[in-house]
Amino acid sequence: MGSTLRSQYKNMTTSGVRTRRSRNWHRRLGMLLAACATTITTLPMAARSLAQETGQTIQAIEPLLQPNAPAAPPIAPDSSGPDLNSAPNSTPNSSANSNFTPTFEPNNCPFTLPPEFARETVRCGMVTVPERHRNPTGKTIRLGVAILKSKSANPQPDPLVMAQGGPGGSMLELLPAFLPSLAGMRDRDIILFDQRGTRYSEPFLFCQEVYDFKVQNARFPDSLALRDRYQAAVAGCRDRLKNSGVDLAAYNSLESAADVPLVVQAAGYGGQFNFYGVSYGTMLAQHLMRDFPDRLRSVILDSVAPLDTSFIVHLPRNTDRALRRFFEACRRDRLCGSTYTTLEQDFLGAVAKLRARPQVIQLPNYGELQDLLEGRLSIENLDPNRLAVPVLLDGDGFISAVSTAFYSSASIPKLPQALRETRQNSYAGILRVLPLLLFSKSQADGVYNSVMCSEDGGFTLAEVDASGVYPEIAPALLQAPEELLRTCQTWQVPALAPKANQPVRSSVPSLLLSGELDQVTPPEFAERVARGLNRHYRYVLPGLSHAVFGSSDCVSQIMGGFLQAPDRAPNAACVSQMRTQFEVPKTLRFTPATANNLGISMVIPAGWRLSMQGLAPVWSEVDGSGFATGRVLAVSVAQQSTAEVLRSLPYPTRSLGERRYRNRRWQLYTIDNPSLASIVALYTRQGKTYVVAIDSDSLWHRDAVLEGVLSNFRIQSR
């Protein structure tokens, strides 16, 4: 996913289109504009959000647990995994590991580095480990690994190992997007690995059955029958994986933690290593600190999840907390407070409106685009109707979408305007990330279920605390705990031994980082974990939300300083300079741009970058970390009529009439879909139709870009 998709899409637009431009050109143009509206250039950010998602809070279209459903018979604790009866500071898996020699098999990297990083040295491959570490002579599985070599002439001997969250997310797909943020840590090699069962490991525990259920049923309101069909899809995935020989109970945190030293060994490193984990990856790090303390030089915990309580029990209050702090931050900000005086009312008003009058909207089918861009589906066989999925957006779904937006710190500054535009029946800024979570084929659903049900599924609904939560949103936030409990009844994996859920006590130097606006793993979670760590440094980052690495240069600076000297506090002076940033409508600045192969010149907003070249160039806005932020501009020339171009789009359009720019009469069409702030402008001259497609996360921004581009659009003389 991420930059891999961007690169593959670029290759398709520069080669495949050129060689067969006449045949099925309407399909190619339609897919281009669909991709524009799907914000294909936001995928690095969306990949990060998806992979770091700790809890699936998107219940708008998924079935919920009946409140009075009978409990399933208890499953005996799992005794076949690593021994948890050892002393907390011992290494219970070391004897099993010593009886197994891991192997590294070189392989092609599953990603393409951006051009500015083309000279990087990256080794990719697969590491073979036991499926069950207590049975080193038994079945084996393979883990995807990428080793980013140091730029130093004398690299440090202890590598940095990086693990993703989820559970079930992929770390390898994020390497291209994370490279800029790793700049201050390149004095040592960096090992990134996909945990057992995730995307670039084998087997990959993706649930096609659950994906199909979502695509086919997203437009229906919740019902008992729908909930039962969802559980049937979960059961179908369970049975298919088990029948293929997968031991679902082996995909837990303890087995995964025992993989890490073997990955390091197979990669060619002895001695100690440093470990970074984000979100669920912080739980994996804590298991490492308990089971393999002697192997760890230092640990970085980003968006900390404790072992001794399930994050999902606290989800209602944590989401409520993040919302209230966000509203308060806007009130205290001079510009935001004076511009958005009814922010809280806008949010609650949208909930009430959609609860009273739900809407069926079209969301991009990200999974279909993944299949297309990764070669599992050819463009000739593409059904344009499958590029969009009808989804019922009601009040509960809107709450889930807003909560999902907090997974990306880049979304926070734009959220006030997005909430205001709900008054105009536009939800583009709210729904930007949601389809990449709902309809992704990158998330290992089976890993999520196995980890959560073995480690975090032992709570009761009576433990879920919604006291003090906005009464308008409390019922929706209670759905995630209910859903998880029923899914665990269906998934049928044993619970880990009780010691797996006890707080870790460790002397390993540790850095704990939390986003002030984190709605899933708030700063209080880091404080809770820090009580057992006697050599730790803890920082709360103002204005950031979940998963802070990659969202701020300050975070990278702190991490780099800590890795250089884990025994002393890093320089964190930059934290005091941080605050919650907000964007308000403003006058845009533009800079010249030329597409010589199309014979046109125009302007683009200052700071935007060319992200896709070829016969259909695309420019994108990027944030300070190099992530595209959901605002794109695509231009193409089609030898087709306006009607033919419009028919190629996967979404219905609504005419805005004709508008004149520099003596040219442009036909304007808005995508008639409340989930998108997209507009298509067409100008026909001498049998050619010039197409300008703009997709944004807000109406005001879309219109401002359109005005600047078309007012300065020129056709070059031949």
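Note that the structure is predicted; figures quoted are calculated from it, not measured.

About the cut-offs
Residues numbered from 1 in each chain as written. Predicted model: local features only at pLDDT ≥ 70, side-chain atom pairs only at ≥ 80, totals over all residues. Heavy atoms only, no water. Helix = DSSP H or I, 4+ residues; strand = E, 2+ residues; numbered from the N terminus. Buried < 20%, exposed > 50% of the residue type's maximum accessible area, 1.4 Å probe, protein only. Polar contact = N/O pair within 3.5 Å; in protein donor to acceptor, adjacent residues only side chain to side chain. Phe/Tyr/Trp six-rings, centres within 6.5 Å; stacked < 30°, edge-to-face > 60°. Pairing = 2+ DSSP bridges. Axes fitted to C-alpha atoms, helices over the stretch in contact; angles between N-to-C directions. Contact = heavy atoms within 4.5 Å. Expected span 1.5 Å × (residues − 1). Salt bridge = Lys/Arg side-chain N within 4 Å of Asp/Glu carboxyl O. pLDDT = per-residue confidence, 0-100.

(A) The side chain of Ser698, seen in detail. Within the secondary structure layout, Ser698 lies in the loop between β20 (688-696) and α23 (699-711). Using a relative accessible area of 3% as the deciding quantity, one classes Ser698 as buried. Within the structure, Ser698 has its side chain in polar contact with the side chain of Trp700 (distance 3.3 Å). Within the structure, the side chain of Ser698 is placed 3.4 Å from the backbone nitrogen of His701, a separation counted as a polar contact.

(B) Looking closely at the packing of aromatic side chains. Under the definition given, this model contains 16 aromatic pairs. An angle of 70 degrees between the planes, with centres 6.3 Å apart, marks the rings of Tyr537 and Phe562 as edge-to-face. A residue pair is termed long-range when its members are at least 10 positions apart, and Tyr537 in strand β11 (residues 536-541) and Phe562 in helix α21 (residues 553-564) qualify at 25 residues. A relative accessible area of 18% means that Tyr537 is categorised as buried.

(C) Here's a closer look at the sheet that holds strand β1 (residues 103-106). Taken in spatial order, the nine strands make up an open sheet running β1-β2-β3-β5-β4-β6-β7-β10-β11, and their pairing is mixed. Each edge of the open sheet is held by one strand with a lone partner, namely β1 and β11. Neighbouring strand axes in the sheet, compared pairwise and without regard to direction, differ in orientation by 20 degrees on average. Running over the sheet, helix α8 (residues 253-266) touches β1, β2 (122-130), β3 (140-148), β4 (156-163), β5 (188-193) and β6 (273-278) and is turned about 130 degrees from β2.

(D) Local environment of α21. With 12 residues, α21 should reach 16 Å at 1.5 Å per residue; the first-to-last C-alpha distance of 17 Å fits that figure. All buried positions along α21 are accounted for by Cys554, Val555, Ser556, Ile558, Met559, Gly560, Phe562 and Leu563. Next to the buried residues of α21 lie β4, β5, β6, β7 (296-302), β10 (510-515) and β11. Near the N-terminus of α21, the side chain that reaches the backbone nitrogen of Cys554, with its oxygen 3.0 Å away, is that of Ser552.

(E) Quick peek at the pairing of β4. With respect to burial, β4 is a largely interior element, six of its eight residues being buried. Of the strand pairs in this sheet, β4 and β5 are connected by four bridges, and their pairing is parallel. Each residue of the ladder has a partner; that of Gln156, found in β5, is Arg188. In this structure, β4 lies alongside β6, joined through four bridges in parallel fashion.

(F) Region of the structure containing the pattern of salt bridges. Taken as a whole, this structure holds 39 salt bridges when the rule is applied. Across the pair Arg132 and Asp247 runs a salt bridge whose closest N-O atoms are separated by 3.0 Å. Here Arg132, found in the loop between β2 and β3, pairs with Asp247, found in the loop between α7 (224-243) and α8; they are 115 residues apart in sequence, far enough to count as distant. According to the relative accessible area criterion, Arg132 is buried, its value standing at 12%. Looking at Asp247, the relative accessible area reads 25%, which means it is partly exposed. Where Arg297 meets Asp158, a salt bridge forms, and the shortest distance between an N and an O atom there is 3.5 Å. With Arg297 in strand β7 and Asp158 in strand β4, this pair connects stretches of sequence that are 139 residues apart.

(G) Layout of the confidence of the model for the protein. For the protein, mean pLDDT is 85; residues scoring 70 or higher make up 85% of the total. Every residue in residues 1-93 is under pLDDT 50, and counting partners more than four places away or in other chains gives 292 contacts.

(H) Structural context of the sheet that holds strand β21 (residues 714-715). Across the sheet, which stays open at both edges, the three strands sit in the order β12-β13-β21 with antiparallel pairing between neighbours. Edge positions in the sheet fall to β12 (590-595) and β21, since each of these pairs with one other strand and no more. The pairing of β12 with strand β13 (residues 600-605) spans six bridges and is antiparallel. When the sheet's bridge partners are listed, Ala593 is paired in β13 with Met602. Contacting β12 and β13, α23 crosses the sheet at an angle of about 150 degrees to β13.

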